[in-house]
Amino acid sequence: MEQMSRNIGYQLKKIRGQRSLSLDDVAKATNVSKAQLAQIEKGESNPTVSTIWKIASGMRISFSSLLQPPCGQFQKFDEKTSTVVSEEDGKYRVYSIIPYDPERGWEFYKIEMDPGVIHRSEAHSEGVEETLTVISGQVFVEAGGMNEHLSQGETLVFSGSQEHHYENPTNETTILHLILQYR
């Protein structure tokens, strides 16, 4: 967690500097307090998935761009070396497998949901599309008044620009692959 906190702080400060934004500017854009943003930048806070999404959405950047360590020309990513963010008391885990790249326009995640977990997500930036595939287990998805039950091997594509939630209705861990496409 310490390394992830340092990565988020480094990336937030870098992006804020590139855009000549004050902490006040970022606080207004993200609905995250100036004090919490300052702690995040110093690596003194472990922000939740929801807080990272607020920052990403408010600054119109990808979630994974905040998780990545400073890198050179290329970097290999896999589950063993990827950044992991957890929520719901550690029962909902998000692995950033392929970080966002503006040339690609998408990012790729692996999600592990323990039995019975419900994860609620605020709306992402306008134009974000989610492609969710069940690798093992089952998931119930609700988005924009739509409800869908997915089983292993099934994929759902929907707008991430609305509040939505994922629920694992089973007694086993569910594994999902998620692609976020930015348009």
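Residues numbered from 1 in each chain as written. Predicted model: local features only at pLDDT ≥ 70, side-chain atom pairs only at ≥ 80, totals over all residues. Heavy atoms only, no water.

The protein chain goes by XRE family transcriptional regulator in an unreviewed UniProt entry, where it is assigned to Ureibacillus xyleni.

A few words on the sheet that holds strand β9 (residues 164–167). Spatially, β4-β9-β6-β7 is the arrangement adopted by the four strands of the open sheet, whose pairing is antiparallel. If you trace the sheet from one side to the other, it starts and ends with β4 (118–121) and β7 (146–151), each paired once. With strand direction ignored, the average angle separating the axes of adjacent strands in the sheet is 15°. Two elements, β4 and β9, share four bridges in a ladder whose sense is antiparallel. When the bridges of β9 are listed, Arg120 appears paired with His165. (Pairing = 2+ DSSP bridges. Helix = DSSP H or I, 4+ residues; strand = E, 2+ residues; numbered from the N terminus. Axes fitted to C-alpha atoms, helices over the stretch in contact; angles between N-to-C directions.)

Along helix α2 (residues 23–30), the positions that sit buried rather than exposed are Leu23, Val26, Ala27 and Thr30. Taken down its axis, α2 places every buried residue within 100° of arc, on the same side. Buried residues along α2 sit in contact with α1 (2–18), α3 (34–41) and α4 (49–59). Just downstream of α2, Asn31 is the residue with a positive phi angle, here 60°. (Buried < 20%, exposed > 50% of the residue type's maximum accessible area, 1.4 Å probe, protein only. Arc of directions from axis to C-beta. Contact = heavy atoms within 4.5 Å.)

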